[in-house]
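# Examination of the molecular architecture
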Amino acid sequence: MADKRMLIIDAEVAGKIDQNRGDMSRSEFLNFLIDSQLKEEERGNQTDYVTKKEFQHFAEGMKELLRNFLEFFLSYGLELGKEPQDKTFDELSQKLQSLDSNAGKAKKL
């Protein structure tokens, strides 16, 4: 038979345990919480979240990719010798120029 001990805790803590333990006994629930906490510490500081710096780096990379994409298709269309006559070309040119100016500002910071 397992050695048993008594643990004295505040009534509020006992209430939280009872509210959240479901079908587990108090002892099983406390073991579960302790094991979960220890496993989390073993994993270290690995999180499933993205830091602000990582997100900014990703956003800059996506803008660079979009700029390269637009630049490629604009230059490809111009090399074919067809001069675009619609608004789409002007819109793409404006987007490309705005991305260039935004990238320049970001690099200066």
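Refer to the preceding data block for the structure.
Residues numbered from 1 in each chain as written. Predicted model: local features only at pLDDT ≥ 70, side-chain atom pairs only at ≥ 80, totals over all residues. Heavy atoms only, no water.

## Re the overall build of the chain
Along the chain, the regular secondary structure elements total four helices and zero strands. Counting helices and strands in the order they occur from the N terminus, the chain gives α-α-α-α. Of the roughly 10,400 Å² of accessible surface on the chain, 55% is carried by carbon and sulfur atoms. (Helix = DSSP H or I, 4+ residues; strand = E, 2+ residues; numbered from the N terminus. Areas by Shrake-Rupley, 256 points an atom, 1.4 Å probe, with all protein chains shown as cover.)

## Re helix 1 (residues 11-20)
Of all ten residues making up helix 1, only one are buried, and the element is barely covered by its neighbours. In the stretch just after helix 1, glycine 22 is the one whose phi turns positive, near 65°. (Buried < 20%, exposed > 50% of the residue type's maximum accessible area, 1.4 Å probe, protein only.)

## Topic: a nonpolar patch on the surface
A contiguous nonpolar patch, built from Leu7, Ile9, Val13, Leu30, Phe32, Leu33, Ile34 and Leu38 and spanning about 690 Å² of accessible area, is present on the exposed surface. Position of leucine 7 among the secondary structure elements: in the segment before helix 1. (Patch = residues over 30% accessible without salt bridge, like charges linked within 9 Å, V, L, I, M, F, W, Y side chains within 5 Å. Salt bridge = Lys/Arg side-chain N within 4 Å of Asp/Glu carboxyl O.)

## Here's the deal with the layout of surface pockets
Of the pockets and cavities examined, the largest pocket occupies roughly 300 Å³. What lines the largest pocket is simply Arg5, Met6, Leu7, Ile9, Ala14, Ile17, Arg26, Ser27, Leu30 and Asn31. Residue assignment for the lining of the largest pocket shows that the elements contributing at least two residues are helix 1 and helix 2 (26-43). Sort the elements by how many residues they give to the lining of the largest pocket and helix 2 lands first, with four residues. The class makeup of the residues in the lining of the largest pocket is six nonpolar, two polar and two charged. (1 Å grid on protein atoms, 1.4 Å probe; cavity = no way out; pocket = protein on both sides within 12 Å on 5 of 7 lines; lining within 4 Å. Points joined across faces, edges and corners; volume = space filled by probe spheres on them. Nonpolar A, V, L, I, M, F, W, Y, C, P; charged D, E, K, R; others polar.)

## Details of the pattern of salt bridges
This model, assessed by the stated rule, comprises five salt bridges. Two residues, aspartate 3 and arginine 5, come together in a salt bridge whose shortest N-O distance is 3.1 Å. Across this residue pair, the class does not change: aspartate 3 and arginine 5 are exposed. In this structure, aspartate 18 engages arginine 26 in a salt bridge whose closest nitrogen and oxygen atoms are separated by 2.8 Å. For arginine 26, a relative accessible area of 46% puts it in the partly exposed group.

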